[in-house]
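Structural overview for review
Spelled out from the first residue to the last, the chains are:
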Amino acid sequence: MNGEAHLSDLSLRLLGRAFDELDIEERRVVRAISDRAPTSRDAAEIVDAQTGRGDRLADRVAAVGGSWAFIIAFTVVLLAWMLLNSAVLERVGLAFDPYPFIFLNLMLSTLAAIQAPIIMMSQNRQAAKDRLTASVDYEINLRAELEIMRLHEKIDQMQINELAAKVDELCARMEAKGPEGSR
C-alpha cells in the first residue's frame, strides 16, 4: 500500500473522511500517527522563528508601555514638567511651556499616536500566537483521542481473539467427548 493510500485508509478509519477532505491540523495528526511521530510543537518557538525585528520591538514597547514602572515614571515626569513650568521657572520668567502646557499636550498626543499602533501590532501578534497555540492544542487533543480509539480497537480485537480461542477450545472438548458426553 503506498503512502497516500495508507493515509487515506487511516483517515477513513479514524475520522470517517478521506485524507484530502481533512483540514490542515487533522492531516498533520494523521501523518504523525502514520509515521509514529510526535504531534506536539512549541507554539512560542514557531512564532519566534517567524518574528521580525519590528515585531520584537513592538513587543518590547508594549511590555514597557503597559507596565506599572512606566506609568509611575511617566506620572513623575508629567508632575515635574508641570511643577517646573508653573512654579519654578515661571517666577524667573523662563517657563518654556507655561500653563495650559500646550507643548506638553502636543508631546502627549504624539506619544499616544505612535504608541497606540505599536501596541496594537503587539496585540495582533499575541492573538496570532494564541491562535497557533489553540491549533497545536487541538492537534494534540485530536491525536490523544484517536490514539485512545486505536487502543480500544486493539483491546476489543484481543478480547474477540481470546473469546474465539475459548470457543474453539470448548468445541474441541465437546468433539473429544463425543456424542455420549452430551447426555
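**Details of the packing of helix H2 (residues 24-35) against helix H6 (residues 102-177)**
- With their axes 9 Å apart at the nearest point, H2 and H6 run at an angle of 45° to one another. Classified by the angle their axes make, H2 and H6 are oblique. The way H2 lies across H6 gives a crossing that is right-handed. Residue-level contacts link Glu25, Glu26, Arg28, Val29, Ala32 and Ile33 of H2 to Ser135, Tyr138, Glu139, Leu142, Arg143, Leu146, Glu147 and Arg150 of H6.
- Looking at the contact of H2 with H6 residue by residue, the class counts come to six nonpolar, one polar and seven charged.

**Concerning the pattern of salt bridges**
- In this structure the tally under the stated criterion is ten salt bridges.
- Note that Arg28 and Glu139 form a salt bridge whose closest N and O atoms lie 2.3 Å from each other. You can see Arg28 sitting in helix H2 and its partner Glu139 sitting in helix H6, a full 111 residues away along the chain.
- Residue classification places Arg28 among the partly exposed positions, given a relative accessible area of 32%.
- A residue is classified by how much of its surface remains accessible, and Glu139, at 0% relative accessible area, is buried.
- Residues Arg125 and Asp59 are paired through a salt bridge, measuring 2.4 Å at the closest nitrogen-oxygen approach. With Arg125 in helix H6 and Asp59 in helix H4 (residues 53-65), this pair connects stretches of sequence that are 66 residues apart.

**Focus: the packing of helix H1 (residues 3-15) against H2**
- Orientation of H1 relative to H2, taken along the N-to-C sense of each, is 110°, at an axis distance of 10 Å. Taken as axis vectors, H1 and H2 run roughly perpendicular relative to one another. On H2, the residues that touch His6, Leu7, Leu10, Ser11, Leu14 and Leu15 of H1 are Glu26, Val30, Arg31, Ile33 and Ser34.
- In the contact of H1 with H2, the residues fall into six nonpolar, three polar and two charged.

**A closer look at the nonpolar core**
- Counting ten residues, the largest nonpolar core is built from Leu7, Leu10, Leu14, Phe19, Leu22, Val29, Val30, Ile33, Leu142 and Leu146.
- Discounting residues that sit within four places of it in the chain, Ile33 has contacts with Leu10, Leu14, Arg143, Leu146, Glu147 and Arg150.

**Digging into the packing of aromatic side chains**
- Counted according to the given criterion, the structure contains four aromatic pairs.
- The rings of Trp81, Phe96 and Phe103 are connected pair by pair, giving a single aromatic cluster.
- Above the ring of Phe19, the side-chain terminus of Arg27 is found at 5.6 Å from the ring centroid.

**Remarks on a nonpolar patch on the surface**
- A cluster of nonpolar side chains, contributed by Leu84, Val88, Phe96, Phe103, Leu106 and Met107, occupies part of the molecular surface with about 550 Å² of accessible area.
- Secondary-structure elements contributing two or more residues to the nonpolar patch are helix H5 (68-91) and H6.
- With three residues, the single largest contributor to the nonpolar patch is H6.
- Mapped onto the elements of the fold, Phe96 is located in the loop between H5 and H6.

**Description of the confidence of the model for the chain**
- Summarising the model, the chain shows a mean pLDDT of 90, and 97% of its residues fall at 70 or more.
- Highest mean pLDDT in the chain belongs to H6 (93); lowest belongs to helix H3 (residues 43-50) (86).

**Section: H4**
- The end-to-end C-alpha distance of H4 is 18 Å, a good match for the 18 Å that 13 residues give at a rise of 1.5 Å each.
- Burial in H4 covers these residues: Ala58, Ala62 and Gly65. Projection of H4 onto a plane perpendicular to its axis shows the buried side chains occupying an angular sector of 70°, all on one side. In H4, the exposed positions angled more than 90 degrees off the buried face are occupied by Arg53, Arg60, Ala63 and Val64.

Rules used in this analysis
- Residues numbered from 1 in each chain as written.
- Predicted model: local features only at pLDDT ≥ 70, side-chain atom pairs only at ≥ 80, totals over all residues.
- Heavy atoms only, no water.
- Axes fitted to C-alpha atoms, helices over the stretch in contact; angles between N-to-C directions.
- Helix = DSSP H or I, 4+ residues; strand = E, 2+ residues; numbered from the N terminus.
- Parallel < 35°, antiparallel > 145°, perpendicular 65-115°, else oblique.
- Left-handed = near helix turned anticlockwise from the far one by under 90°.
- Contact = heavy atoms within 4.5 Å.
- Nonpolar A, V, L, I, M, F, W, Y, C, P; charged D, E, K, R; others polar.
- Salt bridge = Lys/Arg side-chain N within 4 Å of Asp/Glu carboxyl O.
- Buried < 20%, exposed > 50% of the residue type's maximum accessible area, 1.4 Å probe, protein only.
- Core = buried A, V, L, I, M, F, W, Y, C linked by side-chain atoms within 4.5 Å.
- Phe/Tyr/Trp six-rings, centres within 6.5 Å; stacked < 30°, edge-to-face > 60°.
- Lys NZ or Arg CZ within 6 Å of the ring centre and 35° of its normal.
- Patch = residues over 30% accessible without salt bridge, like charges linked within 9 Å, V, L, I, M, F, W, Y side chains within 5 Å.
- Areas by Shrake-Rupley, 256 points an atom, 1.4 Å probe, with all protein chains shown as cover.
- pLDDT = per-residue confidence, 0-100.
- Expected span 1.5 Å × (residues − 1).
- Arc of directions from axis to C-beta.

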